[in-house]
Amino acid sequence: MFFHIVLERNMQLHPRHFGRELREKLVSKLMKDVEGTCSGRHGFVVAITGIEDIGKGIIRDGTGFVTFPVKYLCVVFRPFKGEILEATVTMVNKMGFFAEAGPVQIFVSNHVKIQKDSEVRLKIIGTRVNATEIFCIGTIKDDFLGVISDPAGS
Amino acid sequence: MSLESFNKLVKLTARAFYDDITAKGDNQPKSGRSDNRGIAVVVLDALTRRQWVREEDLAKDLKLHLKQLRRTLRFFEEEKLVTRDHRKETAKGAKAYSAAVAATADSLPGREGEEKIKLHTHSYCCLDYAQIHDVVRYRLHRMRKKLKDELDNKNTVQEYVCPKCGKRYNALDAIRLISFEDDGFHCESCNTELVAESDKLASQDIGDGDDNARRRRREKLRDLLQKLEVELKPLTDILHRVKDLEAPDYGTLQAWELRASAVARASNSDPNANDSSRSGMSGTPMPFLGETKIEVAFSGVEEKEIKAESAPLKQLPPWMIKEGMNLTNEQRGVVMQESNADGTSLSMDDQKDEKKLINQEVDDKKKLQEEYFKAYYEALLQQQRAQEATNIKEDPSIDNFPTDADPSNSRKRQREDDEEGDVEWEEETPAPVETFKVDLNVEAAEPSGDDEDDDGIDWEEG
Ligand SMILES: [Zn+2]
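Residues numbered from 1 in each chain as written. Chains lettered and ligands numbered in written order. Predicted model: local features only at pLDDT ≥ 70, side-chain atom pairs only at ≥ 80, totals over all residues. Heavy atoms only, no water.

## Observations concerning the overall build of chain A
Part 1 of the argument: Helix and strand counts for chain A come out as 1 helix and 11 strands.
Part 2 of the argument: Overall, chain A shows an N-to-C arrangement of helices and strands of β-α-β-β-β-β-β-β-β-β-β-β.
Part 3 of the argument: Per-residue burial over chain A gives 40% buried out of 154 residues.
Part 4 of the argument: Restricting the contact set of chain A to residue pairs at least 6 apart, pairs at least 24 apart contribute 60%. (Helix = DSSP H or I, 4+ residues; strand = E, 2+ residues; numbered from the N terminus. Buried < 20%, exposed > 50% of the residue type's maximum accessible area, 1.4 Å probe, protein only. Contact = heavy atoms within 4.5 Å.)

## Considering the coordination of the zinc ion
Octahedral metals with six donors have ideal donor angles of 90 or 180 degrees. Tetrahedral metals with four donors have an ideal donor angle of 109.5 degrees.
Residues and elements named next belong to chain B.
Part 1 of the argument: Protein ligation of the zinc ion involves Cys 162 (SG), Cys 165 (SG), Cys 187 (SG) and Cys 190 (SG), the donor distances falling in the range 2.2 to 2.3 Å.
Part 2 of the argument: Angles of 103 to 122 degrees at the metal separate the 4 donor atoms of the zinc ion, which places the site in the tetrahedral class.
Part 3 of the argument: In the primary structure, the donors to the zinc ion are separated according to the pattern C-x2-C-x21-C-x2-C. Taken as a pair, Cys 162 in the loop between strand E4 (159–161) and strand E5 (168–170) and Cys 190 in the loop between helix H7 (174–177) and strand E6 (195–197) lie far apart in primary sequence, 28 residues in all. (Donors = N, O, S within 2.8 Å, 3.2 Å for Na, K, Ca; no water. Tetrahedral: all angles 85-135°; square planar, octahedral: opposite > 155°, others 65-115°.)

## A word on the confidence of the model for chain B
Residues and elements named next belong to chain B.
Part 1 of the argument: Across chain B, the average pLDDT comes to 68, with 51% of residues at or above 70.
Part 2 of the argument: Taken as a whole, residues 107–115 scores under 50 in pLDDT and shows 12 contacts with residues more than four places along the chain or in a different chain.
Part 3 of the argument: Throughout residues 270–289 the model reports pLDDT below 50, and contacts reaching past four residues in sequence, or to other chains, amount to 22 contacts. (pLDDT = per-residue confidence, 0-100.)

## Focus on helix H2 (residues 39–48) of chain B
Part 1 of the argument: Across the 10 residues of H2 of chain B, 9 count as buried, placing the element largely inside the fold.
Part 2 of the argument: Along H2 of chain B, the residues that are buried comprise Ile 39, Ala 40, Val 41, Val 43, Leu 44, Asp 45, Ala 46, Leu 47 and Thr 48 of chain B.

## Looking at the nonpolar core
For soluble globular proteins, the rule of thumb is that nonpolar side chains tend to be buried together.
Part 1 of the argument: In this structure, Phe 17, Leu 47 and Leu 235 of chain B are the most contacted members of the largest nonpolar core, which totals 52 residues.
Part 2 of the argument: Phe 44, Val 89, Leu 122 and Leu 145 of chain A belong to the second-largest nonpolar core, a separate cluster that totals 21 residues. (Core = buried A, V, L, I, M, F, W, Y, C linked by side-chain atoms within 4.5 Å.)

## A look at the pairing of strand E3 (residues 120–127) of chain B
Residue and element names in this part refer to chain B.
Part 1 of the argument: Where burial is concerned, most of E3 is hidden: 6 out of the 8 residues are buried.
Part 2 of the argument: With 2 bridges joining them, strand E1 (residues 53–54) and E3 adopt antiparallel strand pairing. Bridge pairing in E3 links Arg 54 to Tyr 124.
Part 3 of the argument: In this structure, strand E2 (residues 82–89) lies alongside E3, joined through 8 bridges in antiparallel fashion. When the bridges of E3 are listed, Glu 89 appears paired with His 120. (Pairing = 2+ DSSP bridges.)

## Regarding the sheet that holds E6 of chain B
Residues and elements named next belong to chain B.
Part 1 of the argument: The strand order across the open sheet formed by 3 strands is E5-E4-E6, and the pairing between neighbours is antiparallel. Among the strands making up the open sheet, the edge pair consists of E5 and E6. Strand after strand, the sheet turns through a mean of 40 degrees between neighbouring axes, direction not considered.
Part 2 of the argument: As paired strands, E4 and E6 are joined by 3 bridges and run antiparallel to one another. From the neighbouring strand, Glu 159 faces E6, where its bridge partner is Glu 197. (Axes fitted to C-alpha atoms, helices over the stretch in contact; angles between N-to-C directions.)

## Structural notes on unusual backbone geometry
Part 1 of the argument: The phi torsion at Asp 117 of chain A lies on the positive side, around 75 degrees, for a residue other than glycine.
Part 2 of the argument: Looking at the secondary structure, you find Asp 117 of chain A in the loop between strand E8 (104–109) and strand E9 (119–129).
Part 3 of the argument: Positive phi, normally seen in glycine, also occurs at Lys 80 of chain B, with a value near 70 degrees.
Part 4 of the argument: Note that Lys 80 of chain B resides in the loop between helix H4 (66–78) and E2.

## A look at the sheet that holds E2 of chain B
For sheets, the rule is that strands pair by backbone hydrogen bonds, running either parallel or antiparallel.
Residue and element names in this part refer to chain B.
Part 1 of the argument: The antiparallel open sheet is built from 3 strands, whose spatial order is E1-E3-E2. Here the strands that pair on one side only, and so sit at the sheet edges, are E1 and E2.
Part 2 of the argument: Sheet contacts for H2: E1, E2 and E3; angle to E3, the most-contacted strand, approximately 85 degrees.

This is the structure we're talking about:
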């Protein structure tokens, strides 16, 4: 499921970026640092959509680095138990197959007769979340679930 | 009224689920002589014939060691079938119980030796019928759900086990277990290739993930599910029957004793026994007014019926008769055999049966001619009624009304009902069902539990 939320982060900026482009530098660094990461708390940060507020910077003793508290709007993706997702099969072994739905990886056990790169619709039956990653297990045994397109067909 | 059905439920439950429970600790080896399987059934059966009972007395009655009985009872307490009460009591307190027993039980002999007891902790036990009903239903539900889920492979988290060191994993660990050499899952500790843990119920052979093993497993599961339905049918039947009945409830030990002694006081006026028993219970004697009875009179047909019949057994209105109630024919109304148990059927078949029966009566040479005429008139009446019934089919209660004009005739037919009707209400205790081992506690150990924990992170707070 996707959410559009406000998050906050303290950004450290090297003194060489101080100047006219400070704000642009700050935002591009924020994007580089945050987009594509995953926090167990909020899920995968898909994209930053705007800056809410940049607070006053504090100059660090000794290094000259400046820390800015930045509030930003972003889209996050967080899978939930019971959620139906469409995913692409990335690997098949004799225990089942792995699939990806955007940034999230899902393992489906006991289905070995599935081709790599096919698309499946699956239901999440369990999630394992820790501070920096989310892993899901799913099933395709339910109504309207299963392979929705073969790699050969497309 | 419902006690009989509930007792049957208890007995069936005992045979279905507790047949092979031993009262032994697990550490003690089982030898042929000390094998006491079936003890659980005996104890439960004995409890169906009692209300609150002191455990020493029960042990004596059953000729069991108190320790052994206690162990069994403790087990049933954990299983939520039995409530127990422990209290320190003097001779007086013990006497209160004895008095209560003397008042309620027609079978248990009175005990005189108890006066010597100084201050001992006594334990009492009693069946908790309402809870038994819930527990059994829950147990069956869990059994079915477990099998069905497994059959559908639904929501079950596949487990993997290391054949070398026995370490266990589940599908949620999958990403950590992939080996880069061969895409298989390998043990984190010893790097042995893991095998999928096939389910414990279904098969002994380790399913190595191939389709044949899976198919065999499914067949086994389906068999098991079918067996469950067939073998536990008596139990599900009785559950269905008691579904709408009120469970017998003896209350707490104290409430039960108070009630029992009040009854005793009402029936025999021996002031000594009652006084001592009450003062044993509590310091201030409480006036006990007997069981509160509430009678609700509905206006309309039912009221008239009750008034008309002043016999000790009142006829119950059809809407009060539920499946599973043990009623006499008076209570059911004389035309009981014409109606189905649920009392709502209005099919023409019923009425045909009715006529056949009347024909039998007519043919019977031993009948007096007078009765012949009565029956004849009744048949006429019946025919009229049949016509009426077809006209007003909407009214379901019409079939249940007593219609016989002549009471003497109706009594005779009742007696016949009695003879035939007995068959319907007496069921044989079925042969002990083959036990079916499903560990109800398994779920707690299921890995789904630990992903629940993982999910516990609060999302809203961000
Ligand atoms: Zn290992």
